[in-house]
Amino acid sequence: MGDFNNPEADLDRFRFRLGFAAVFVLACFGILISRFVWLQVIQHDFYQTRAEDNRIALIPIVPNRGVITDRNGVVLAHNYSAFTLEITPSQAGSLEQTIDALAEVIDIQPKDRKRFKRLLDEAKNFESIPIRTRLSDAEVAKFSAHRYRFPGVEVKARLFRQYPLGAVASHAIGYIGRITERDLKWIEEAERQANYKGTDHIGKTGLEQHYEFELHGETGYEQVEIDAGGRALRSLKRIPPVSGNNLQLTLDIKLQEITEKAFGDRKGALVAIDPATGGVLALVSTPTYDPNLFVDGITPENWKELNDHPDKPMVNRTINGAYPPGSTFKPFMALAALEMGKRTAQQAISDPGFFTFGNHTFRDDKKGGHGVVDMYKSIVHSCDTYYYVLANDMGIDNIAKFMGSIGLGQRTGIDLGKDDAGESKGVLPSQEWKKQRFKKPEQQKWYAGETISIGIGQGYNAYTPIQLAQAVATLANNGVMFRPHLVQNIVDTKTGDKRPIEPKPLRDLGWKEKNLEVIHRAMIGVNKEGTGARAFAGVPYSVGGKTGTAQVFSLKGAQYKESAVKKNLRDHALFIAYAPVENPKIALAVLVENGGFGAQSAAPIARMVLDYYLLGKLPAGAAREDSDAIEEEHDE
Amino acid sequence: MMDIAGTLRRAWANAIAHIDFPLLLITAAIMAVGLGTVYSATYDSTHRMMSQAANMGIALVVMWVISRVPPQKLMSFAIPLYIVGIVLLVAVFLFGIKVNGARRWLSVGFTRVQPSEIMKIAMPLMLAWYFHKYEATLKLKHYGVAALLLLVPFGLVAKQPDLGTALLVGAAGFYVIFFAGLPWKIIVGLIAMAGAAAPVLWNMLHDYQQKRILTLIDPTTDPLGSGYHIIQATIAIGSGGAVGKGFLNGTQTHLEFIPEKHTDFIFAVYSEEWGLIGNATLVFLYTLLIGRGLMIASAAPTTFSRLLAGAITLGFFTYAFINMGMVSGILPVVGVPLPFMSYGGTALVTLFLGIGILMSIHTHRMLVKK
């Protein structure tokens, strides 16, 4: 039994060790107490003086936010310095009386009071809060003369963000606004609290948000001696801030502006991409809004108007609108069929004008059908029956596999918003998708009949314009796929060093040359003798295209007024194009909401964009004035 | 007829049957001090204080639930919890979220968790179970196995890198081994070896960890970085004097000189406003807490409950000593909150898990003897 320990002895040893631990604890606490005695009694006078001298405040100096320019250096977002009139509530006494008295000297509108009140609720007591922004020189002089009457009121020079072109490209650029609780969390997660001391504004959407930490710059500090009341006495040391980096975009702002004008008051989206890099040349979502409204905090009236507008101007349709692609889907279906060996280009069907599956009849647009249809003709004349049959032969999962490979139904990862989550995924229908999407088992099953209308880009299909543009660019680039991006270079303001956003090919899909040739030839045919022929009459360059008409799929969360319902029920018009076919410089996708036939409303916009980008040809009419307007605005 | 008053009285008696009032009163006193200090530290808005009060409510519920779980039941959690802890730590190592160069967090959909926190409880639980199992046949090799059980999670946490938490986890495990009777010869030998290996260990530390220790020796080398924290905290404590500047009157606190003032550096806020008298009171409260814990350990009926109670109690001591030591400038700055005082829900829940275990051990001891 010698192997077993004695429990009594064990317990004694344990209690002895408890006693030892207790002594150890007391000894350690004793060390702490002696340290406290040392600091708080023996050295107290020393630290007392240090604390009283500790009136050196570190005052943050907010850096200049980086400037955003288009590919040619046209300024899209910059800062200007202006005087603001600010009140420090803790020093000002009665705020009501102070503001009333100020109103006698300086023009103060009710909206200024409202904003002041709102900011006051958010602010800490010792911060100064603007009561008036953008004072004129005369107003500054006038206030200075009366300054003695207003303790705690100061004129300060502050930098303001400005978007000189107003609503142009607002969905791409985004805007900045005052930092909220949610933004603070973001800053904390990025561990940048220290760098945001003194910063009031932060990017809220678009590029302003995506590149926030590039644009912001590094906060500098001024060491200032302050008196007991916290007033600055003299400056001791200054560590200057480092301005934020500038962004040079791939966007061509003239192209952008002309395109936005071309939409007129129609809702829609256009994305134009340089197929060789993925650089976005134009990113249009109409209607737009003026980002300048947000900089000082948007007024509730303006916000209400923008947010409740039936046309949803705040929605960036290029990345958040998911639409069925309609017939623009067909060239991709055809390519999928060639690549997967489900069709040859020569294989033809005889189109009676409908396709019967089970007891359901799927109709073609053209009554009586297109006659004998091979792949070329199916694209040029947009024959539905050809694709009903093809979709049925391929099966939903083969379709999903190919469409997924060109990025449909996935976030493209374009550099907009805080992270990818701001972008919609759209819907790439497949058996798996349906299983995930629906809860009830009877809804989860994929029916073969549902595949038929997928073939002509209807059914569950829903893709964002940016996905469609990326797919067109990939096709134009013969299967080498790039991530679409808006920033070309990040420019260091101090050294002028340019850090390019490298166009990295996402993947080479390895499509066969002879297959691509079939599709390219057919898409050129669309604009020569097919559905795009009218819009592209007399075009001097080679251009591939495809029209599309999509049954209405209303925007998520959109609510339309009854009076607008009729227009709302009209189909969406789509057009995809790229040119020149042999060496593509531009690929695009256009969508006009409720625009009817793609050939009628979407194709002319595509033609105009291509003419301008490739030939420098301005659209007829108001074009001349437009470009003057841009030039003038640049000079500001 | 049912005697309603009697029923209620019995229900109440049952509800509080496993509460240890001395422990509850001591922790309540420290928490009250903590709440007042959080209020002072975040004077501009009361939302931190309210949310800390809510955290306390949750933590107390956790304590109440755990106190009702008998130690035998707790023992059955030892292995699963330890394994879960190890798996999560490996997961952090492989796919953790990198924040500031350290991989400490694991994303679980809606929120992020810090698995090293689990180890603070899982480690002593596991080792106490282990020594309990082999109590009758304890040999030297068992200490070797125990050391291995300790070193694996310790290494994983240290690798994140989070040396502060690694030390706390390691300490919790070491206390169990110590109370289990690790021979003095080995303890002395280990200390000697640690001393000899110090230069090697020093080189294994990350740059920022070395910097923290160097800053401790001479804070003025880094007046804007980590040295700034120590300088300002020391000034706060020293200027507090014998009786303090009074509640809400700390200039260091309210002129924003103290960093992390509602979390890791809350002691500086407290010390500035309440002075040496306040500090002595707080240290006294911690001493009471630890004393009560050691009493519970001493009276505990089984090896498992003894070791666990002893280790948890010394854990409280370690947090308190390291935090007050670092804020007053005698220990390097590591991210350890002051127990029951610092703002933060996770730490509070872990602490009350410990309190709940102590209460369970104490209130179930008679049942075991029968």
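Reading the values: the criteria
Residues numbered from 1 in each chain as written. Chains lettered and ligands numbered in written order. Predicted model: local features only at pLDDT ≥ 70, side-chain atom pairs only at ≥ 80, totals over all residues. Helix = DSSP H or I, 4+ residues; strand = E, 2+ residues; numbered from the N terminus. Buried ≥ 20, exposed ≤ 12 C-beta atoms within 10 Å, placed from the backbone. Contact = placed C-beta atoms within 7 Å. pLDDT = per-residue confidence, 0-100. Expected span 1.5 Å × (residues − 1). Nonpolar A, V, L, I, M, F, W, Y, C, P; charged D, E, K, R; others polar. Axes fitted to C-alpha atoms, helices over the stretch in contact; angles between N-to-C directions. Parallel < 35°, antiparallel > 145°, perpendicular 65-115°, else oblique. Left-handed = near helix turned anticlockwise from the far one by under 90°. Core = buried A, V, L, I, M, F, W, Y, C linked by C-beta atoms within 7 Å. Pairing = 2+ DSSP bridges.

With that settled, the discussion passes to the overall build of chain B. Helix and strand content of chain B: 15 helices and 3 strands. Taken across its 370 residues, chain B has 46% of its residues classed as buried. Here the analysis covers contacts within chain B between residues at least 6 apart in sequence; of these, 71% occur between residues at least 24 apart.

The amide bond that connects Thr286 of chain A to the next residue, Pro287 of chain A, takes the cis arrangement and shows omega of -5°. Mapped onto the elements of the fold, Pro287 of chain A is located in the loop between β12 (280-286) and α12 (292-295). One non-glycine residue, Leu248 of chain B, lies in positive phi territory at about 70°. Exposure remark for Leu248 of chain B: the 12 C-beta atoms within 10 Å place this residue in the exposed category.

Right, let's get into the confidence of the model for chain A. Residues and elements named next belong to chain A. Per-chain confidence: chain A averages 86 in pLDDT, with 91% of residues scoring 70 or above. Note on residues 553-565: pLDDT is under 50 here. Beyond four places in sequence and across chains, it has 12 contacts. Note on residues 622-636: pLDDT is under 50 here. Beyond four places in sequence and across chains, it has 14 contacts.

With 36 residues, helix α1 (residues 7-42) of chain A ought to run about 52 Å at 1.5 Å a step, and its terminal C-alpha atoms sit 51 Å apart, in line with that. Taken together, the buried positions of α1 of chain A are Phe14, Leu18, Ala21, Val25, Phe29, Leu32, Phe36, Leu39 and Gln40 of chain A.

Contact residues are listed per partner, giving 33 residues for chain A and 39 residues for chain B. If you list the elements that add at least two residues to the side of chain A that touches chain B, you get α1 and α2 (44-53) of chain A. Considering every element that reaches the side of chain A that touches chain B, the biggest residue donor is α1 of chain A, with 19 residues. Partitioning the side of chain A that touches chain B into residue classes produces 17 nonpolar, 7 polar and 9 charged.

Time to look at the packing of helix α3 (residues 47-67) of chain B against helix α14 (residues 345-363) of chain B. Residues and elements named next belong to chain B. Direction vectors running N to C along α3 and α14 enclose 30°, while the axes themselves pass 7 Å from each other. When the axis of α3 is compared with that of α14, the two are roughly parallel. Like other packed secondary-structure pairs, α3 and α14 cross with a definite hand, here right-handed. Across the interface between the two elements, Asn55, Met56, Ile58, Ala59, Leu60, Val62, Met63, Val65, Ile66 and Ser67 of α3 pack against Gly345, Leu348, Val349, Phe352, Leu353, Ile355, Gly356, Ile357, Met359, Ser360 and Thr363 of α14. Classifying every residue of the contact of α3 with α14 by side-chain character gives 15 nonpolar, 6 polar and no charged.

What follows deals with helix α23 (residues 513-529) of chain A. Residues and elements named next belong to chain A. Counted at 1.5 Å a residue, the expected span for α23 with its 17 residues is 24 Å, and the 24 Å between its end C-alpha atoms agrees. Inspection of α23 places Val518, Ile519, His520, Ala522, Met523, Ile524, Gly525, Val526 and Asn527 among the buried residues, and these make up the whole buried set. Buried residues along α23 sit in contact with α15 (330-339), α16 (375-380), α22 (465-476) and β21 (544-550).

Turning our eyes to something else, we now look at the nonpolar core. Grouped together as the largest cluster of nonpolar side chains are 119 residues, with contacts concentrated most on Val271, Val472, Leu588, Val590 and Val609 of chain A. Per-element tally for this core: the top contributor is helix α25 (residues 598-615) of chain A, with 10 residues. Beyond its immediate sequence surroundings of up to four residues, Val472 of chain A is in contact with Ile576, Tyr578, Ala587, Leu588 and Ala589 of chain A. Core analysis: the next-biggest nonpolar cluster, separate from the first, contains 110 residues, Met56, Phe179, Leu308 and Leu348 of chain B among them.

The subject of this paragraph is the packing of helix α5 (residues 115-133) of chain B against α14 of chain B. Residues and elements named next belong to chain B. Interaxial distance between α5 and α14 falls to 10 Å at its minimum, and their mutual angle equals 10°. Classified by the angle between their axes, α5 and α14 sit roughly parallel to one another. Listed contacts from α14 to Glu117, Lys120 and Ile121 of α5 are Thr346, Thr350, Leu353 and Gly354. Class assignment of the residues belonging to the contact of α5 with α14 gives a composition of 2 nonpolar, 3 polar and 2 charged.

So, about the pairing of strand β3 (residues 75-87) of chain A. Residue and element names in this part refer to chain A. Across 2 bridges, the pairing between strand β2 (residues 68-69) and β3 is antiparallel. Bridged to Thr69 within β3 is Val75. The turn joining β2 and β3, which pair antiparallel and follow one another in sequence, is formed by 5 residues; a positive phi near 90° is taken by Gly73. Here 10 bridges tie β3 to strand β5 (residues 153-162), and the two strands are oriented antiparallel to one another.

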